[in-house]
Amino acid sequence: MWYYEKKLEYPVKVSTCNPTLAKYLIEQYGGADGELSAALRYLNQRYSIPDKVIGLLTDIGTEEFAHLEMIATMVYKLTKDATPEMMKEAGLAPHYANHDNALFYHNAAGNPWTATYIQAKGDPIADLYEDIAAEEKARATYQWIINLSDDSDLNDGLKFLREREVVHSQRFREAVEILKEEKDKQIYF
Amino acid sequence: MHTEYKYWYPYISPLDPCPPIKVKSYNTPPNLYLGFQPPSLPQFQPREALFHGTLWPALFSPYPNGREDEVTNE
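Residues numbered from 1 in each chain as written. Chains lettered and ligands numbered in written order. Predicted model: local features only at pLDDT ≥ 70, side-chain atom pairs only at ≥ 80, totals over all residues.

For chain B, an unreviewed UniProt entry supplies the name Spore coat protein JA and the organism Salinibacillus kushneri.

As recorded in an unreviewed UniProt entry, chain A goes by the name Spore coat protein JC, listed as coming from Salinibacillus kushneri. The record in UniProt for chain A states the following under Sequence similarities (unreviewed entry): "Belongs to the manganese catalase family." (UniProt positions renumbered as here; feature names shortened; annotations may be inferred.)

If you want it as structure tokens, here you go:
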């Protein structure tokens, strides 16, 4: 079970009403390498993975939901008071037609989130390598969004999220090292 | 100490329609090099740790400006 803390992992500040940026950011919300994919992937894989790394998947999967909430806050703030006209100018008319200014789990191109974005192979090495790849892809996505954004307050939050991808990748790499360890081998010094 | 960016020089064709970007770069954050994190690494103060997104300077990866100066496309 989870306890909920009614605050964000890192403060989110948005200084411009910029629906165009929201259009790109939604990639990290409902995209293939977004936070929803990450959270669901890790929290699902942990049942069939060696005990030693279950806790890691639980912790990181949980943190991904905290990131999802930050992205949601950013998207919400970027579009909150945007008029239908502004949504149209930002290329969000199809989104507006279907959802008004509500958030939805789709990627920057408007494709709805799908479980085919994630995998649970049951093989610990295959699963952890997928997780490492997912973290690096999410890091790259954050870089490209930062490059597109000129909102320095928003970028501050995005840089935090990017750094967390680096740390998570590091931990998954360590998990692989744990599983690679030759437990029964005599160690000579 | 590793560098945060690596650079490469793509082939430039005389028929390329756009002005060429002579040097391309990609990001190589510290997690690629650290291996299993050694114990007792120096830590940030809690407030700085929050701003950096990590407890350990060894895992901090600045973006867009890495420790190496970004090569400009001149």
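Continuing now.
1. Focus: helix 7 (residues 124–148) of chain A
Residue and element names in this part refer to chain A. In a regular helix each residue adds 1.5 Å, so 25 residues correspond to 36 Å; helix 7 covers 36 Å between its end C-alpha atoms and thus fits that length. Within helix 7, the full set of buried residues consists of Asp 127, Leu 128, Asp 131, Ala 134, Glu 135, Glu 136, Ala 138, Arg 139, Thr 141, Tyr 142 and Ile 145. Those residues of helix 7 that are buried are in contact with helix 1 (19–25), helix 2 (27–30), helix 3 (35–45) and helix 8 (152–180). (Helix = DSSP H or I, 4+ residues; strand = E, 2+ residues; numbered from the N terminus. Expected span 1.5 Å × (residues − 1). Buried ≥ 20, exposed ≤ 12 C-beta atoms within 10 Å, placed from the backbone. Contact = placed C-beta atoms within 7 Å.)

2. A word on the UniProt feature "binding site: Ca(2+)" (unreviewed entry) in chain A
Residue and element names in this part refer to chain A. Here the UniProt feature "binding site: Ca(2+)" (unreviewed entry) sits at Asp 59. Of note, Asp 59 is situated in helix 4 (residues 51–79). Judged by the 14 C-beta atoms lying within 10 Å of it, Asp 59 falls in the partly exposed class.

3. Details of the packing of helix 4 of chain A against helix 8 of chain A
Residues and elements named next belong to chain A. It is at 11 Å that the axes of helix 4 and helix 8 come closest, and there the two elements cross at 165°. Considered as vectors, helix 4 and helix 8 are oriented roughly antiparallel to each other. Here helix 4 runs over helix 8; the crossing is left-handed. Only Leu 154, Gly 157, Leu 161, Arg 164, His 168, Arg 171, Ala 175, Ile 178 and Leu 179 of helix 8 make contact with helix 4, whose side of the interface consists of Lys 52, Val 53, Leu 56, Ile 60, Glu 63, His 67, Met 70 and Met 74. When grouped by side-chain class, the residues that make up the contact of helix 4 with helix 8 number ten nonpolar, three polar and four charged. (Axes fitted to C-alpha atoms, helices over the stretch in contact; angles between N-to-C directions. Parallel < 35°, antiparallel > 145°, perpendicular 65-115°, else oblique. Left-handed = near helix turned anticlockwise from the far one by under 90°. Nonpolar A, V, L, I, M, F, W, Y, C, P; charged D, E, K, R; others polar.)

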